[in-house]
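Structure at a glance
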Amino acid sequence: MTVLLPGVALTDHAFTVPLDHADPGAGTIEVFAREAVDPARRGEDLPWLLYLQGGPGGKSPRPAAADGWLGHALRTHRVLLLDQRGTGRSTPITARTIDGTDAELAARLTRFRADAIVADAELIRRELCGDRPWDTLGQSYGGFITLTYLSQAPEGLATCYVTGGLAGLDATAEDVYTRTYPRVRDRVRRHFARYPHDSARLDEIAAHLRRHEVRLPDGDVLSVRRLQTLGMCLGMSDGPEYLHWVLEEAWSGDRLSDLFLYEVMMATGFVGNPLYAVLHESIYAQGAATAWAAHRLLPEDFHPDAGPTLPTGEMIYPWMFDEIAALRPFKGAAEILAETSGWPALYDPARLAANTVPVVAAVYYDDMYVDEGLSVRTARAVGNVRTWVTNELEHDGVRVSGARVLSRLMDIARGAHGS
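A brief structural summary. Bear in mind the structure is a predicted one, so any value in this text is a computation, not a measurement.

**Here's the deal with the pairing of strand E7 (residues 157–163)**
Of all seven residues making up E7, six are buried, and the element is well covered by its neighbours. Strand direction decides the pairing type here: strand E6 (residues 134–139) and E7, joined by five bridges, are parallel. Across the sheet, residue Gly-138 finds its bridge partner in E7, namely Val-162. Assessed by its sense of winding, the connection that carries the chain from E6 through helix H4 (residues 141–152) to E7 is right-handed. Relative to strand E10 (residues 359–364), E7 is paired through four bridges, and the arrangement is parallel. Residue pairing across strands places Val-162 opposite Ala-361, the latter belonging to E10.

Written out as structure tokens, the structure is:
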């Protein structure tokens, strides 16, 4: 089916792929992708650009028009918006669709990491492009997938663009959280400096939650530690303002307002992307178990009983699988995954060092989610990588300034700006 929107024609595609690419007899799943092209150029033989969404567990964008990075890409490319396996319309994994034992679910979920996504992409590329390589644009976790792609199947790639997503090649989950907790603390300090009343507001809400049982509209109890997870947004361009406006309207008399409770439920409920929580630490696992690294490394000042109340960041904790309705069905599998060792390597350092595929990456200097130091180290370790390091944009730069970002990266790839 093709839909015409302002400046873009969208065509749906569905592909049948193995659940386990190493064992094709273990069953299949469906992977969905949406083709986007300038309506005036539908009949042209344009190069393809594969968009790799951030996450894990995030579906690809649903465009309403040819704006932002997509509009810029459509000047020269035919774009494929991929719903990575388990997300969106790609045999989605949600609380309603899972079945079997915890062990069976955990075993299934080990087949939903970057290596499997790359294998899916290669099957799709050969079906759409034959032997021709395609370009990729990887946002955040999509950049992690790009590094796996370069490790496993570089012959399928022409040029790779990465925004906020150069992973540490040998960084463990412990390494990641050791670096990111201080970044979160810095963001919280900056937020309280910008909005001084928000610290007192958080403390007041936390004190209320300790004295009273407060339930969200879906029935979940709102705990102090769930309140703290509102800080996950602070690394986005509009995150501080979002948090501020939510806190500003928290009260209705001496009770928390219905609007506030609804906003907290929506922002922290994982209804649309449970895989983000279930697989989050697994994206860093190569060999040893992660063993709930973010929980083990939680600094004392982020403890829910500490004061002042500090929001947390992009961390997943074991208590979430008890307290959040959309995650409770995944609790047993998440515990198994946290203790799983022997994870296969996602990156091939030797192959990456010898890489010849052009890679151009935007590295956000103040990124709260993907550590700039690890990103720069990776850029130095991978062949043929050029970087644009900037503090002008936040982690979601490609969302809010997409045309500017992609244009700059494409110019660098063409040599217009140097490295």
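**Notes on the side chain of Arg-183**
One can find Arg-183 in helix H5 (residues 173–194). Looking at Arg-183, the relative accessible area reads 18%, which means it is buried.

**Things to note about the nonpolar core**
Grouped together as the largest cluster of nonpolar side chains are 108 residues, with contacts concentrated most on Trp-134, Phe-260 and Phe-321. Considering every element that reaches this core, the biggest residue donor is H5, with seven residues. Phe-260 has contacts with Ile-205, Leu-222, Leu-227, Val-246, Leu-247, Glu-249 and Ala-250, leaving out every residue within four places of it along the chain.

**Remarks on the side chain of Glu-35**
By the secondary structure assignment, Glu-35 is in strand E3 (residues 28–37). A distance of 2.8 Å separates the side chain of Glu-35 from the side chain of His-13, its partner in a polar contact.

**Quick notes on unusual backbone geometry**
At the junction of Gly-55 and Pro-56, the peptide bond is cis and its omega measures out at 5 degrees in the coordinates. As for its position among the elements, Pro-56 is in the loop between strand E4 (48–52) and helix H1 (68–73). Its identity is not glycine, yet Ala-291 carries a phi of approximately 50 degrees, on the positive side. Within the secondary structure layout, Ala-291 lies in the loop between helix H10 (274–278) and helix H11 (293–296). Of the residues examined, Ala-291 reaches a relative accessible area of 21% and is grouped as partly exposed. Notably, Trp-292 is not glycine yet its phi reads approximately 55 degrees, a positive angle. Note that Trp-292 resides in the loop between H10 and H11.

**Examining the environment of Glu-314**
Tracing the sequence through the fold places Glu-314 in the loop between H11 and helix H12 (320–323). Glu-314 gets classed as buried once you look at its relative accessible area, which sits at 16%. With 49 residues separating them along the chain, Glu-314 and Met-265 place their C-alpha atoms 17 Å apart. Not counting chain neighbours up to four residues away, the residues in contact with Glu-314 comprise Tyr-177, Met-232, Tyr-276, His-280 and Tyr-369. Within the structure, Glu-314 has its side chain in polar contact with the side chain of Tyr-276 (distance 2.6 Å).

**Remarks on the packing of aromatic side chains**
Under the criterion given, the structure shown has eight aromatic pairs. Taking 6.1 Å as the distance between ring centres and 25 degrees as the angle between the ring planes, the aromatic pair formed by Phe-270 and Tyr-276 counts as stacked. Its relative accessible area of 11% is what places Phe-270 among the buried residues. Each ring, one from Trp-292 and one from Phe-321, has its centre 5.7 Å from the other, and the planes form 55 degrees; the classification is tilted. Placement of Trp-292 in the loop between H10 and H11 and of Phe-321 in helix H12 is noted, with a sequence separation of 29 residues between them. Classification of Phe-321 by relative accessible area gives buried; the value is 2%. Looking at Arg-85, its charged tip hangs above the ring of Phe-112, at a distance of 5.3 Å from the centre. Geometry around Phe-32 places Arg-89 over its ring, the cationic atom sitting 3.9 Å from the centre.

About the cut-offs
- Residues numbered from 1 in each chain as written.
- Predicted model: local features only at pLDDT ≥ 70, side-chain atom pairs only at ≥ 80, totals over all residues.
- Heavy atoms only, no water.
- Buried < 20%, exposed > 50% of the residue type's maximum accessible area, 1.4 Å probe, protein only.
- Helix = DSSP H or I, 4+ residues; strand = E, 2+ residues; numbered from the N terminus.
- Pairing = 2+ DSSP bridges.
- Right-handed = clockwise from strand over helix to strand, strands pointing away.
- Core = buried A, V, L, I, M, F, W, Y, C linked by side-chain atoms within 4.5 Å.
- Contact = heavy atoms within 4.5 Å.
- Polar contact = N/O pair within 3.5 Å; in protein donor to acceptor, adjacent residues only side chain to side chain.
- Phe/Tyr/Trp six-rings, centres within 6.5 Å; stacked < 30°, edge-to-face > 60°.
- Lys NZ or Arg CZ within 6 Å of the ring centre and 35° of its normal.

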